[in-house]
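Architecture and fold: a report
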Amino acid sequence: MQRIYKGFFLIATFLFGGHSLQAQNTDTIPVSVNPELQNIFNSRTPKEYNIAGINVTGTKAFDPNLIISISGLAVGDKVQIPGTDVFGKAISKLWRQNLISNVQIFFTRLEGRDLYIEMVITERPRLADFKFVGIKKGEKDDLEPKVALVKERVVTEEMKLSAVEAIRKFYYGKGYRNVDIQMKEEAVTYASNAIALTFIINKGKKVKVNSINFSGNNSIPEQKLKKQMKDTKEMNRITLFPVVIKNPYGDTSNRRTSFKEYVGSMDFLAPLKTRDYIDPFFRIRGFAGSKFNETKYESDKERVLDYYNSKGFRDALIVHDTPITDRRNNLNLFIQVEEGRKYYFGNIAWRGNTKYSDSILNVLLGIKKGDVYNLELLNKRLGKQLTPEGGDIGSLYMDDGYLFFRVDPVETAVYNDTIDFEIRMTEGPQAVYGNITISGNKKTKDYVIRRELRTIPGEKFSRSDIIRTQRELGQLGFIDAEKINPNVVPNAENGTVDINWGIEEKSGDQLELSAGFGGGIGLTGTLGVSFNNFSLKNITKRSTWDPLPSGDGQKLTARIQSNGKAFRSYNFSFTEPWLGGKKRNSFTVAYSNTKYANAYDQYGSYCKSCGDTSYIKTSSFSISLGKQLKWPDDYFNLIYSLDVRRYKLRNYSNIFQGISNGTSTNISLRISLLRNSAGPNPIFPTTGSNFMLSGQFTLPYSLLGITDVTDNSYRLPEFHKWRLNAEWYVPIGLPRGEEKNKQFVLKVAAKYGFIGRYNKDLPISPFERFQLGDAGLSNNFALLGYDIIAHRGYPVYDKSDPRVNPDGITPSQFFTIFNKYTVELRYPFSTSAASTIYGLAFFESANGWYNFKDYNPFKLRRSAGLGLRFFLPMFGLLGFDYGIGFDRYNQNSGFKGAAKFTFMLGQEPE
């Protein structure tokens, strides 16, 4: 078959988005050309032809039959020439597939009314590779998924434009508004019909916001409006010289009046027009908070209007906003607002309420006639914006089963500056819980999760039940508190609500491991494990060990510590949080055995055999039973603990003056009343409180005649000990639109302690006293059961007078009374299950006394500083604090030696 290149033929082309039918005439016509083919377009009368054959050339990646199918042409089709646009439509169909860059249709032969055609295809190239030039590797890694380029795919114009736009958007978000992007397209030799794209990027300099200037704000100061712009900030500044910036709106009626005074005092600025903005500040470059992001800028303008609305300016709007680039390529933003009238609430009427009266709802609403109009506040009080704290009308109804409750505030009248409202309510029926399911637990058994749920099938729906359940699950220690998802599915048809509790398990187990070997000392080290989701029932089933049997929510801890002959300690405890499985009654049993030896001779040299002849041994066993109370509320728990400790001294005089041999047995009963509503994350609580009141008692042996007051051996120590701890957590400063787990939290705490005696003829027991100072880490005095109270910024001290610098003092005895107060401002950097990290700034004061005669709660040692906390599931809590003790001031060196760095490990110290 011969293609006609010269003579009368039809060429239908579709190139770069346009197609045409062209008739060409040449002087030389091959003899073999069918004369009728030459006359196809010469005829003025349309004639019908039959497509007898279709040939496709130029395809490499696509099957010719696929091209024919896409075009819509087929052998046997009837076409009229002239008069039919069937070939143009075929070209359009091929072009829409984005597979080809050019297509031509030729008439190659005509036999009677049988027409043979040829489609010449030029395929689009495929993407062999792409790269970025002029940027760092980290930016390249970030850009690759954003440009959405895939190798071996057909390259289209839209694909290239989208990639360039994605790059531009990426750098706009980083403040590079002047980014220049050049795209270079090159054919590759190692692949057929393939190209490589190179994006040459010149970021330029970051565009900062030099100034934000409001005009038209007659009622609200400019500085308050700027504070609403959370993501659009001015560059920091220092006073240096005046800069003139033209105000495009000419309105300075409410702009910084001090600027006018400033201008008036400078003769050389007299020729300037008063409507120009005189900025007597020079902006410091390079602060990341001032970068300009157009998307965030739009959101910030909405925040400004929301703030106006909250102040009663319902009709406020932004008339214009103009960014002007200065000579340093930074932006000066000029925003003109129109405040409109300030409105106030008028009469508020209720419709549709049958459960609660108007008077009760008015009290809960807390908005009276004459209050400044604030639609956001109105919606919040009505419960249209639900919060975990509750206290709104929506929470009142939902806590009583009204899941289908609806409320709509409707403006019924607007007169002068007053707006009347009608609150239209639809209470609906009370809903009950239907199907309650659990998902996501792989190790933990269903019943462990289900016993924590307060959403019981058949019981009345309550929003507070769901919030409380989230807290209880998060407190378990092996459920990620941030990933608990109650999927609530209401069923209006039958008045029920189904809930699927989606959870994500985390590792709550911890490992402590250290080891070493010293000449003469021997093996030293620590091995400790803690399992928060242990299963005692499956301990005989080897298949459940991973590494120990798990899934029943029990807690097992074991710890071995050794320092050669000088020290060794064994500790073990087991807790069942639901004794019997039906009620939240906890059961704990614990055992410890410790030996602290004098492993050095009189010359201070290590003595291998000294540890066997001079030591103190302690062994203890305790059993505790806890019960959840229903009154005053079910946040309360009552815990009874029986503790038996035995102390044995042998040629060891470092503890009790005048006593180096003997045995002492301390038997005490401790009763603790606790209320813990802090949560939802136990590592970083954001709301709630934690209270503990406890009393610890021994028998009054001397009053019972069991011991004699002249016996100073402490064979049976007697005392009564009281403790009170109180902590509050308050979330503060949550900007609109930010995540709730990224907010500041204020912690306020107060702690008190007192240990007394039954018999006035006996000294107060040396056991169970209070050690104050340092990081709260244990020491050899902890063998006597001392309560170790941390005081950041101070070493351990034993003097009550805060005027006495405690540096360089070795405590000889510890306190019988103490007070401690703490204020911390915390901010979380990460609250994920893998790691919880937060920083804090603290101020605390504390002191101790030996009797009530010297007790003065206002004589306290004060300190302040900064700290950082890391919680890693495998290792527990790590903490670092840098505190300055204000009462360590030295007249010669000032505060130079008053700072102290402390380290804590395991758990937050008292």
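Below or above, wherever it landed, is the structure these notes cover. (Residues numbered from 1 in each chain as written. Predicted model: local features only at pLDDT ≥ 70, side-chain atom pairs only at ≥ 80, totals over all residues. Heavy atoms only, no water.)

Right, let's get into the overall build of the chain. The helix and strand inventory of the chain stands at 14 helices and 38 strands. Counting the 910 residues in the chain, one finds 45% classified as buried. Here the contacts in the chain between residues at least 6 apart in sequence split such that 61% fall between residues at least 24 apart. Surface exposure of the chain reaches about 46,100 Å², of which carbon and sulfur atoms provide 54%. (Helix = DSSP H or I, 4+ residues; strand = E, 2+ residues; numbered from the N terminus. Buried < 20%, exposed > 50% of the residue type's maximum accessible area, 1.4 Å probe, protein only. Contact = heavy atoms within 4.5 Å. Areas by Shrake-Rupley, 256 points an atom, 1.4 Å probe, with all protein chains shown as cover.)

Looking now at empty space enclosed by the protein. Here the structure, examined in full by the defined rule, presents four cavities of 30 Å³ or more. In this structure, the largest cavity spans a volume of roughly 180 Å³. Every residue lining the largest cavity is counted, 13 residues in all, and those nearest its centre are D711, Y714, L716, P717 and L762. A breakdown of the residues in the lining of the largest cavity according to their chemical character gives six nonpolar, three polar and four charged. (1 Å grid on protein atoms, 1.4 Å probe; cavity = no way out; pocket = protein on both sides within 12 Å on 5 of 7 lines; lining within 4 Å. Points joined across faces, edges and corners; volume = space filled by probe spheres on them. Nonpolar A, V, L, I, M, F, W, Y, C, P; charged D, E, K, R; others polar.)

This part covers the packing of helix α4 (residues 137-147) against helix α5 (residues 157-173). Packing of α4 against α5 brings their axes to within 9 Å, and their N-to-C directions diverge by 135 degrees. Classified by the angle between their axes, α4 and α5 sit oblique to one another. You can see that α4 and α5 cross each other, and the crossing is right-handed. In contact with E139, D142, L143, K146 and V147 of α4, α5 contributes A163, A166, I167, F170 and Y171. Its residues placed into classes, the contact of α4 with α5 shows seven nonpolar, no polar and three charged. (Axes fitted to C-alpha atoms, helices over the stretch in contact; angles between N-to-C directions. Parallel < 35°, antiparallel > 145°, perpendicular 65-115°, else oblique. Left-handed = near helix turned anticlockwise from the far one by under 90°.)

A word on a nonpolar patch on the surface. On the surface, W728, V730, I732, F744, V748, V823, L825, F843, F886, Y889 and F895 cluster together into a nonpolar patch covering about 890 Å² of accessible area. Residue assignment for the nonpolar patch shows that the elements contributing at least two residues are β30 (720-732), β31 (744-756) and β34 (817-831). Per-element accounting of the nonpolar patch gives the leading share, three residues, to β30. Tracing the backbone shows V748 in strand β31. What makes V748 partly exposed here is its relative accessible area of 31%. (Patch = residues over 30% accessible without salt bridge, like charges linked within 9 Å, V, L, I, M, F, W, Y side chains within 5 Å. Salt bridge = Lys/Arg side-chain N within 4 Å of Asp/Glu carboxyl O.)

All buried positions along α4 are accounted for by E139, L143 and V147. Down the axis of α4, the smallest arc covering the buried residues is 55 degrees, so these residues share one side. In α4, the exposed residues that point more than 90 degrees away from the buried face are K137 and P145. Where the residues of α4 are buried, they touch β7 (126-133), α5 and β9 (194-202). Immediately downstream of α4, the backbone of A148 shows phi near 60 degrees, a positive value. (Arc of directions from axis to C-beta.)

Taken across its seven residues, strand β20 (residues 496-502) has five buried, putting it largely inside the fold. In this sheet, β20 lies alongside strand β18 (residues 432-439) in parallel orientation, the contact comprising six bridges. Counterpart to V432 in the pairing with β20 is T496. Between strand β19 (residues 485-491) and β20, which follow one another and run antiparallel, lie four residues, and G495 among them has a positive phi close to 70 degrees. (Pairing = 2+ DSSP bridges.)

Quick look at the nonpolar core now. Buried together is how nonpolar side chains tend to be arranged in soluble globular proteins. Judged by nonpolar contacts, the single largest core of 26 residues is most densely connected at I81, L94, L115, I117, M119 and I121. If you list the elements that add at least two residues to this core, you get β3 (47-57), α2 (64-71), β4 (78-81), α3 (86-96), β5 (100-111) and β6 (114-123). At five residues, β5 tops the list of elements feeding residues into this core. Those residues in contact with L94 that lie beyond four places of it in its chain are I67, I70, S71, I100, V103, M119 and I121. Among the nonpolar cores identified, the runner-up in size contains 21 residues, and L149, V155, Y176 and F199 belong to it. (Core = buried A, V, L, I, M, F, W, Y, C linked by side-chain atoms within 4.5 Å.)

What holds strands together in a sheet is hydrogen bonding between their backbones, with the strands either parallel or antiparallel. The three strands are arranged β7-β9-β8 in an open sheet whose pairing can be described as mixed. The strands lining the two open edges of the sheet, one partner per strand, are β7 and β8 (180-187). Ignoring strand direction, the axes of neighbouring strands in this sheet form an average angle of 20 degrees. Judged from the seven bridges that link them, β7 and β9 form a sheet pairing that is parallel.

Moving on, we get to the packing of α2 against α3. Between two packed helices, both the angle of their axes relative to each other and the distance between the axes serve to describe the pair. Where α2 meets α3, the axes come as close as 8 Å, and the angle between the chain directions of the two elements is 115 degrees. Residue-level inspection shows I67, I70 and S71 of α2 in contact with α3, the latter providing A90, K93 and L94.

This paragraph deals with a positive patch on the surface. A cluster of like positive charges, contributed by K224, K227, K230, K233, K311 and K342, occupies part of the molecular surface. What makes K227 exposed here is its relative accessible area of 52%. (Lys, Arg positive; Asp, Glu negative; His and termini not counted. Charge placed at Lys NZ, Arg CZ, Asp CG, Glu CD.)

Cis rather than trans, the peptide bond between W631 and P632 has omega equal to 0 degrees. With respect to the element layout, P632 can be found in the loop between β26 (615-628) and β27 (636-650). The linkage connecting G679 with the following residue, P680, adopts the cis geometry, with an omega of 0 degrees. Residue A148 is not a glycine yet carries a positive backbone phi of 60 degrees. Tracing the backbone shows A148 in the loop between α4 and α5. With a phi angle near 70 degrees, N329 is a residue other than glycine that sits in the positive phi range.

Attention now moves to the pattern of salt bridges. All told, the structure shown has 46 salt bridges when counted by the stated rule. With its nearest N and O atoms 3.8 Å apart, the salt bridge here joins K747 to E727. Here E727 lies in strand β30 and K747 lies in strand β31, a separation of 20 residues in the sequence. Residue E727 is classed as buried on the basis of its relative accessible area, which comes to 15%.

Before going further, it helps to spend a moment on the packing of aromatic side chains. All chains considered together, the criterion is met by 35 aromatic pairs. Look at Y714 and F767: their rings are 6.4 Å apart centre to centre, the planes differ by 80 degrees, and that puts the pair in the edge-to-face class. Of this pair, Y714 sits in the loop between α14 (701-704) and β30 while F767 sits in the loop between β31 and β32 (770-772), placing them 53 residues apart in sequence. Given the relative accessible area of 0%, F767 is considered buried. Here the basic side chain of R177 rests over the ring of Y172, its NZ or CZ set 5.5 Å away from the ring centre. (Phe/Tyr/Trp six-rings, centres within 6.5 Å; stacked < 30°, edge-to-face > 60°. Lys NZ or Arg CZ within 6 Å of the ring centre and 35° of its normal.)

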